[in-house]
Amino acid sequence: MAKYSFKCADIGMDCGFETKASTKEELMPLIVNHAKTAHNMNEIPPDVAKKVESAIKKSFF
Ligand SMILES: [Zn+2]
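About the criteria used
- Residues numbered from 1 in each chain as written.
- Predicted model: local features only at pLDDT ≥ 70, side-chain atom pairs only at ≥ 80, totals over all residues.
- Heavy atoms only, no water.
- Helix = DSSP H or I, 4+ residues; strand = E, 2+ residues; numbered from the N terminus.
- Core = buried A, V, L, I, M, F, W, Y, C linked by side-chain atoms within 4.5 Å.
- Buried < 20%, exposed > 50% of the residue type's maximum accessible area, 1.4 Å probe, protein only.
- Contact = heavy atoms within 4.5 Å.
- Donors = N, O, S within 2.8 Å, 3.2 Å for Na, K, Ca; no water.
- Tetrahedral: all angles 85-135°; square planar, octahedral: opposite > 155°, others 65-115°.

A. Summary view of the environment of lysine 3. Looking at the secondary structure, you find lysine 3 in strand β1 (residues 2-7). Along the primary structure lysine 3 and methionine 13 are separated by 10 residues, whereas in three dimensions their C-alpha atoms are 22 Å apart.

Laid out in structure tokens, this is it:
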């Protein structure tokens, strides 16, 4: 089964947040919610969204 994972540190944040979901569609809201609560981003700017997209890793286990 594929898993998608994201680490805040991978986009250059000094942050230990890490999250996983089985689809990208499930993962994105978790990242957005974290960005809001931990980084005070009410909206994800397009440049950050691109970084997030490219930092998402797909793995199988
Ligand atoms: Zn973070």
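Back to the write-up after that little detour.
B. Structural context of the nonpolar core. If you look at the biggest cluster of nonpolar residues, it comprises 14 residues, and the most contacted ones within it are Phe6, Ile11, Leu27, Ile31, Val48, Val52 and Ile56. Elements with a minimum of two residues in this core: β1, α1 (24-39) and α2 (46-55). Residues in contact with phenylalanine 6, not counting those within four places in the same chain, are Ile11, Phe17, Glu18, Thr19, Leu27, Ile31, Val52, Ala55 and Ile56.

C. Structural view of the coordination of the zinc ion. Around the zinc ion, the donor atoms from the protein are Cys8 (SG), Cys15 (SG), His34 (NE2) and His39 (NE2), and they sit 2.0 to 2.3 Å away. Classification of the site at the zinc ion rests on its four donor atoms, whose angles at the metal span 100 to 117°, yielding the label tetrahedral. Mapping the donors of the zinc ion onto the primary sequence gives the spacing C-x6-C-x18-H-x4-H. With cysteine 8 in the loop between β1 and β2 (18-21) and histidine 39 in helix α1, the pair connects residues that are 31 residues apart, well separated along the chain. The class of histidine 39 is partly exposed, set by a relative accessible area of 23%.

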